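Architecture and fold: a report
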Amino acid sequence: MFRRLFLAAAAAALVLPGIPAAQERFITVASTTSTEQSGLFRHILPIFTAETGITVRVVALGTGQALDVGRRGDADVVFVHDRVAEERFVAEGFGGPRRHVMFNDFVVVGPAADPARVNGLRDTNDALRRIAEARAAFVSRGDRSGTHAAELRLWQLAGVDPAAGRGQWYREVGQGMGPALNTAAAQNAYILSDRGTWLSFRNRQDLRIVVEGDARLFNQYGVMLVNPQRHPHVKVADGQRFIDWILSPAGQRAIASYQINGEQLFFPNAARPEPSA
């Protein structure tokens with residue numbers, strides 16, 4: 001009996017010369033917290049892996065940090081949502097081409113008491129001005145994410161400098177969407193959120209959507225391969241396989257099929273032509 005067990009263990013440990021041990025085939029995707037915290041990746045990545053045999057390891061950060069990961073060559077693919085920053089990434093030669101993948105929208109979330117009286121507004125400029133005038137608590141991600149960049153652009157369009165209220169009514173947390181929403185819930189504060197993360201967020205307490213439907217709240221996601229000429233270790237074939245899949249009818253169907261309580265979180269638009277420069 002002992003001899004049989006010993007031989008079995010020895011056979012299991014044996015690696016024949018010239019035959020490497022099996023290794024996991026994977027790529028690294030630097031992406032936003034919204035794609036992870038909304039549950040989208042948990043839904044679509046197993047489908048991709050089942051079709052291709054390629055595992056995807058996700059580094060989920062704010063968009064600015066995710067692009068920095070790509071700049072350093074610590075990812076094969078970047079999948080984010082700040083078009084201005086993405087186009088700068090391409091222009092600087094760190095990756096590309098950039099392709100549309102999907103979109104959803106941002107929403108302004110706030111407490112039911114609504115001290116700034118913005119509930120039901122469709123004009124984001126008006127809503128943000130009212131929040132600032134009321135000095136109502138507002139939580140900002142403050143983390144160089146796509147959502148943070150969108151929030152700052154919206155304040156600028158509203159003609160408000162939120163930095164004047166920093167440390168008072170304007171509170172920067174330097175965290176991802178989920179933790180920032182937790183902070184807003186705890187402090188009964190307003191916050192800008194992507195709709196996907198909001199729909200999947202459970203600790204809402206007294207928060208609800210108060211402003212939505214403004215065209216300025218449109219939220220586009222893009223995908224790019226990191227430039228292998230700058231970083232030769234980039235897994236070009238498998239990274240491009242992921243990009244091709246997520247832009248394909250199969251990948252777009254996978255995105256469209258992700259729902260929470262019957263509500264679709266992201267809307268594929270890879271077929272939408274890129275506007276000319």
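It should be noted that the structure appears before, not after, this text.
Quick notes on helix 4 (residues 63-72)
Listed in full, the buried residues belonging to helix 4 are Thr 63, Gly 64, Ala 66, Leu 67, Val 69 and Gly 70. Positive phi shows up at Gly 73, right after helix 4, with a value of about 80°.

Considerations on the nonpolar core
Ranked by internal contacts, the top residues of the largest apolar core, which has 42 residues, are Ile 44, Phe 79, Val 101, Met 102, Phe 242 and Ile 246. Setting aside residues no more than four positions away along its own chain, Phe 242 makes contact with Ile 27, Val 29, Leu 45, Phe 48, Val 56, Val 77 and Phe 79. If you look at the next biggest cluster of nonpolar residues, it comprises 23 residues, including Phe 106, Leu 154, Trp 155 and Ala 158.

A look at the layout of surface pockets
A volume near 360 Å³ is recorded for the largest pocket. For the largest pocket, the lining is made up of 17 residues, of which Arg 83, Arg 153, Phe 218, Asn 219 and Gln 220 are closest to its centre. The set of elements that each furnish at least two residues to the lining of the largest pocket consists of helix 5 (83-91), strand 4 (99-111), helix 7 (146-158) and strand 9 (218-225). Here the element with the most residues in the lining of the largest pocket is helix 7; it accounts for 5 residues. Partitioned by chemical class, the residues of the lining of the largest pocket number 7 nonpolar, 5 polar and 5 charged. For the second largest pocket, the calculated volume is near 190 Å³. Along its surface, the second largest pocket is lined by Gly 64, Leu 67, Arg 71, Asp 82, Val 84, Ala 85, Arg 88, Glu 92, Arg 144, Ser 145, Ala 149 and Arg 153. Considering only residue class, the lining of the second largest pocket consists of 4 nonpolar, 2 polar and 6 charged.

Details of the side chain of Glu 151
Mapped onto the elements of the fold, Glu 151 is located in helix 7. Despite its burial, Glu 151 pairs with no opposite charge, the nearest such side chain being Arg 141 at 7.8 Å. Filtering out sequence-adjacent residues up to four positions away, Glu 151 remains in contact with Phe 138, Ser 140, Arg 141, Tyr 170 and Leu 192.

Concerning empty space enclosed by the protein
Summed over all chains, the structure comprises 1 cavity of 30 Å³ or more. If you trace the largest cavity, you find it lined by Phe 138, Val 139, Ser 140, Arg 141, Thr 147, His 148, Glu 151, Ile 191 and Leu 192. Those elements that place two or more of their residues in the lining of the largest cavity are strand 5 (138-140), helix 7 and strand 7 (190-194).

Digging into the packing of aromatic side chains
With the rule as written, the count across this model stands at 14 aromatic pairs. Between Phe 79 and Tyr 221, the ring centres sit 6.4 Å apart and the planes meet at 80°, which makes this aromatic pair edge-to-face. Placement of Phe 79 in strand 3 (residues 77-80) and of Tyr 221 in strand 9 is noted, with a sequence separation of 142 residues between them. With a centroid separation of 5.6 Å and 80° between ring planes, the pair formed by Tyr 221 and Phe 266 is classed as edge-to-face. With a gap of 45 residues between them, Tyr 221 in strand 9 and Phe 266 in the loop between strand 11 (263-264) and strand 12 (267-268) connect regions that are remote in the sequence. Take Tyr 221: its relative accessible area is 0%, and that puts it in the buried class. Of the residues examined, Phe 266 reaches a relative accessible area of 0% and is grouped as buried. The aromatic ring of Trp 198 is capped on one face by Arg 204, whose charged end is 4.3 Å from the ring centroid. One cation-aromatic arrangement involves Arg 230 over Phe 94; the distance from NZ or CZ to the ring centre is 4.2 Å.

Calculation criteria
- Residues numbered from 1 in each chain as written.
- Predicted model: local features only at pLDDT ≥ 70, side-chain atom pairs only at ≥ 80, totals over all residues.
- Heavy atoms only, no water.
- Buried < 20%, exposed > 50% of the residue type's maximum accessible area, 1.4 Å probe, protein only.
- Helix = DSSP H or I, 4+ residues; strand = E, 2+ residues; numbered from the N terminus.
- Core = buried A, V, L, I, M, F, W, Y, C linked by side-chain atoms within 4.5 Å.
- Contact = heavy atoms within 4.5 Å.
- 1 Å grid on protein atoms, 1.4 Å probe; cavity = no way out; pocket = protein on both sides within 12 Å on 5 of 7 lines; lining within 4 Å.
- Points joined across faces, edges and corners; volume = space filled by probe spheres on them.
- Nonpolar A, V, L, I, M, F, W, Y, C, P; charged D, E, K, R; others polar.
- Lys, Arg positive; Asp, Glu negative; His and termini not counted.
- Salt bridge = Lys/Arg side-chain N within 4 Å of Asp/Glu carboxyl O.
- Phe/Tyr/Trp six-rings, centres within 6.5 Å; stacked < 30°, edge-to-face > 60°.
- Lys NZ or Arg CZ within 6 Å of the ring centre and 35° of its normal.

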